[in-house]
Every structure is written in C-alpha cells, then in structure tokens.
Amino acid sequence: MILKDKRFVLTGIASKRSIAWGIAQSLSEQGAKLVLTYPNDKIKKRVDMAAAEFGAEAVLELDVGDDGHFADLTRSLESIWPEGIDGAVHAIGFAPADQLDGDFTSVTTREGFAVAHDISSYSFIALAKATQELLAKRAGSLLTLSYAGSERTYTNYNVMGLAKASLEASVRYMAADLGARGVRVNAISAGPIRTLAASGVSGFRQILDMNEAMSPLQRNVTIEEVGDAAALLLSDLSRAITAQIIYVDGGVSNVGANSKVLSKFAD
Ligand code: NAD
Ligand code: 0WE
C-alpha cells in the first residue's frame, strides 16, 4: 500500500465511469483517506455512492465557478484534517456544448472561450489556492487531467484544446511556484475513455477506434489504469516528479504511423 493513511481531496466524480471514480478506487485500494466533492445537488447522489463505496471522510459541495465554495472548502478541510493534506485531485472539464460541435473558428465565442477556460483551467489554480497551506504542511501534491487535444487538433474538441493547453502551462507555473514549499504539481494526459463528458460527443467512437489502432498496446486505456498512475503521482514513490505531463495513453502520443493504420491506405 503506497498511500497508507494519506489524505486526499478528490473532485470530478459524476458517475461510476468518471476518471475520478477510477482514481478514488486506486487511492482507496492503496490505503488513502478521501474527501470527495460534488458541484450540485443533481450529482450529489453519485458522489454519496462513491463516498459509501470508498469510506470517504466527508462529501463537500464545490462548484468551481463559485469562489465562495472554495473558501468553504478550505475551512472544511482545515477542520477535518488540521494536520494538512497529502494531495488534491482536479478532474474537471467543461465547455458549453455548442463550442464542441462544428468548425472551430465559426463556433468559438467570447463567452464559450471564457467558460471553458474558467471551469477547465482557472479552477485548477483556484483549487491550489484553496489547498496550498494544507498541502505545504505535508509536502503534498496537486494532480490534474489533460488530453492530447492541448497539443494536436481533434475535430470538435475545439476551445477545450486551448483550455487544456492553458491547464498544462499552469502545471508548470504552479510547480515552479510551489516547489519551494515541497509541493509537487503534475498532470496525467489520458487517452480517450467513454465517460459522461465523452457521451454525446459526435465521432467519439471513431476517436476510440483510431486510438486503439495507433496504440503500441493495441487497445484503449481504462479509468482503473489512469487511477493507478494517479496513485503513483500522489505517492512518495514519485517524490522527484513535478511539473510533468505524464501520458497514460497506451503510447499513442509517441507513434507516427503503424501497419494497422497504414494498411488502410494500401493500394
Ligand atoms: P466526467 O463527466 O465523469 O467528469 C467531468 C467532471 O467535471 C464531472 O464530475 C462534473 O461534475 C465536473 N464539473 C463540470 N463542471 C463543474 C463545475 N462547475 N464545478 C465542479 N465540477 C464540475 O468525465 P471525465 O472524462 O472523467 O473527465 C474528467 C477529466 O478528465 C476532465 O478534465 C477531462 O477533460 C479529462 N479527460 C477526459 C478524457 C476522456 O476521454 N474521457 C481524456 C483525457 C482527459
Ligand atoms: O476533455 C474531454 C471532455 C470535454 C468536454 C465534454 C463536454 C460534453 C458535454 C467538455 N465540456 C463538455 N460539455 C458538454 O456539454 N475529453 C478529453 C473527452 C472528449 O471530448 C471530446 C473529445 C474527447 C476525446 C469532444 C470532441 C472531440 C473529442
């Protein structure tokens, strides 16, 4: 058990398919204690289910668009764990649906851009602000989730790609800032996984199929596998790893072409 008696606050559970659910499972298997957050009453039921399954210490409200909720989060965590926390996990991404369907230059709006960057990128900085004192007490670490759309274009991912690029840059700037206090900051760039955030995305099936064909492992990744990588990055086994974007994508990000893909263009 690499996280025995370690304490984590975990955002982003919306269903059993959520990447955050896989992370909660792995952290809990490794002996961690968890506090879970939910954005609104609609999602609270699912987070309560997770809390029961993983024996969470508390379930707290956190809509990352609301600064008051961050202030409440800090106060609640200070009272639950006055000795500090070992990590905070950010597994949140959102853009208005109209931003993710159509030609990038045409569909992107000032408002859509602002919401995507606020909820998907600034919120990680807000989470760091709210937890940095508690993290510094135990040399804790921050972890977020990104996607390859930050570096390369994917049809319809659109302004989320810009928000993920911003999120990844924030990993480097926060790692540089908080490193002096012993706090590490990393991201996992995960391969595509069918979650609520991916459901209703037109062409998601093809993205999964293309990924499987490109992967050195010849398959897609699971929330359990992202969870296990998260456990590593939140544990002392990774104590010299900070400011990194770690790929949990079956190797796809380092493949240019392979026989499976090339065969589709044969004669
Ligand atoms: P998901 O739908 O299960 O999780 C997204 C979460 O964001 C939900 O729990 C939702 O409640 C939360 N959220 C949205 N707006 C919020 C707000 N205002 N306040 C608080 N929480 C809010 O989907 P997921 O795929 O597990 O997404 C988790 C993270 O993983 C996201 O950052 C996503 O971009 C990233 N990611 C997903 C994939 C994929 O293919 N599914 C791949 C790489 C990275
Ligand atoms: O980061 C994500 C999910 C991003 C996302 C998805 C939605 C759908 C519903 C953000 N906001 C919303 N808003 C909604 O209203 N992924 C990495 C999964 C994903 O989403 C895509 C993808 C992939 C992969 C959207 C288009 C193309 C590919």
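What you see is a predicted model, and the numbers here were worked out from it, not measured in a lab.

Calculation notes
- Residues numbered from 1 in each chain as written.
- Chains lettered and ligands numbered in written order.
- Predicted model: local features only at pLDDT ≥ 70, side-chain atom pairs only at ≥ 80, totals over all residues.
- Heavy atoms only, no water.
- Phe/Tyr/Trp six-rings, centres within 6.5 Å; stacked < 30°, edge-to-face > 60°.
- Lys NZ or Arg CZ within 6 Å of the ring centre and 35° of its normal.
- Helix = DSSP H or I, 4+ residues; strand = E, 2+ residues; numbered from the N terminus.
- Buried < 20%, exposed > 50% of the residue type's maximum accessible area, 1.4 Å probe, protein only.
- Lys, Arg positive; Asp, Glu negative; His and termini not counted.
- Salt bridge = Lys/Arg side-chain N within 4 Å of Asp/Glu carboxyl O.
- Polar contact = N/O pair within 3.5 Å; in protein donor to acceptor, adjacent residues only side chain to side chain.
- 1 Å grid on protein atoms, 1.4 Å probe; cavity = no way out; pocket = protein on both sides within 12 Å on 5 of 7 lines; lining within 4 Å.
- Points joined across faces, edges and corners; volume = space filled by probe spheres on them.
- Nonpolar A, V, L, I, M, F, W, Y, C, P; charged D, E, K, R; others polar.
- Pairing = 2+ DSSP bridges.
- Axes fitted to C-alpha atoms, helices over the stretch in contact; angles between N-to-C directions.
- Contact = heavy atoms within 4.5 Å.
- Near = heavy atom within 4 Å.

*Asks:* Describe in detail the packing of aromatic side chains, supporting the description with residues and values.
*Replies:* Following the criterion strictly, the structure yields three aromatic pairs and no others. Three or more aromatic residues joined by ring pairs make a cluster, and in this case those are Tyr147, Tyr154 and Tyr157. Directly above the aromatic system of Tyr38 lies the positively charged group of Lys44, at a separation of 5.7 Å from the ring centroid.

*Asks:* Can you tell me about the side chain of Arg184, naming the residues and giving the values?
*Replies:* Structurally, Arg184 is set in strand β6 (residues 184-190). For the buried Arg184, which has no salt bridge, the nearest side chain bearing the opposite charge is Asp236, at an N-O separation of 5.6 Å. At 2.9 Å, the side chain of Arg184 forms a polar contact with the backbone oxygen of Ser238.

*Asks:* Go over empty space enclosed by the protein with me, naming the residues and quoting the values.
*Replies:* In this structure the tally under the stated criterion is one cavity of 30 Å³ or more. One number sums up the size of the largest cavity: a volume of about 80 Å³. Forming the boundary of the largest cavity are 13 residues, of which Ala148, Tyr154, Gly191, Asn211 and Asp249 lie nearest the centre. Here the lining of the largest cavity is composed, by residue class, of seven nonpolar, four polar and two charged.

*Asks:* Kindly report on the sheet that holds β6, identifying the contributing residues and their values.
*Replies:* On the basis of which strands lie adjacent, the open sheet formed by seven strands has the order β3-β2-β1-β4-β5-β6-β7 and parallel pairing. If you trace the sheet from one side to the other, it starts and ends with β3 (58-61) and β7 (244-248), each paired once. Neighbour-to-neighbour, the strand axes of the sheet open up by a mean angle of 20 degrees, direction not taken into account. Note that strand β2 (residues 33-38) and β3 share four bridges and pair parallel. Note that in β3 the partner of Val35 across the bridge is Ala58. Sheet strands in contact with helix α3 (residues 67-80) are β1 (7-10), β2 and β3, and its direction is about 160 degrees off that of β3.

*Asks:* Please provide a residue-by-residue account of the site of ligand 2, values included.
*Replies:* Lining the immediate environment of ligand 2, one finds 14 residues, of which Ala95, Tyr157, Ala197, Val201 and Phe204 sit closest. Backbone polar atom of Ala95 to a nitrogen atom of ligand 2: 2.7 Å apart, as the coordinates give it. Tyr157 is positioned with one of its side-chain polar atoms (N or O) 2.8 Å from an oxygen atom of ligand 2. Class assignment of the residues belonging to the shell around ligand 2 gives a composition of 11 nonpolar, three polar and no charged.

*Asks:* If you had to explain the site of ligand 1 to someone new, which residues and values would you point to?
*Replies:* The environment of ligand 1 is made up of 25 residues, and the closest members are Gly12, Ser18, Ile19, Lys164 and Thr195. Note that an oxygen atom of ligand 1 is positioned 2.8 Å from one of the backbone N or O atoms of Ile19. Tallied by class, residues from the shell around ligand 1 come to 17 nonpolar, six polar and two charged.

*Asks:* An account of the pattern of salt bridges is needed here, citing residue identities and associated values.
*Replies:* For the coordinates displayed, the defined rule picks out 10 salt bridges. Put simply, Asp5 and Lys4 hold a salt bridge, and the shortest N to O gap is 3.8 Å. Judged by its relative accessible area of 40%, Asp5 falls in the partly exposed class. For Lys4, a relative accessible area of 51% puts it in the exposed group. The residue Lys44 makes a salt bridge to Asp48 at a minimum N-O spacing of 3.0 Å. Of the two residues, Lys44 and Asp48 are both situated in helix α2 (residues 41-54); the distance of four residues between them amounts to about one turn of the helix. For Lys44, a relative accessible area of 28% gives the class partly exposed. A relative accessible area of 31% means that Asp48 is categorised as partly exposed.

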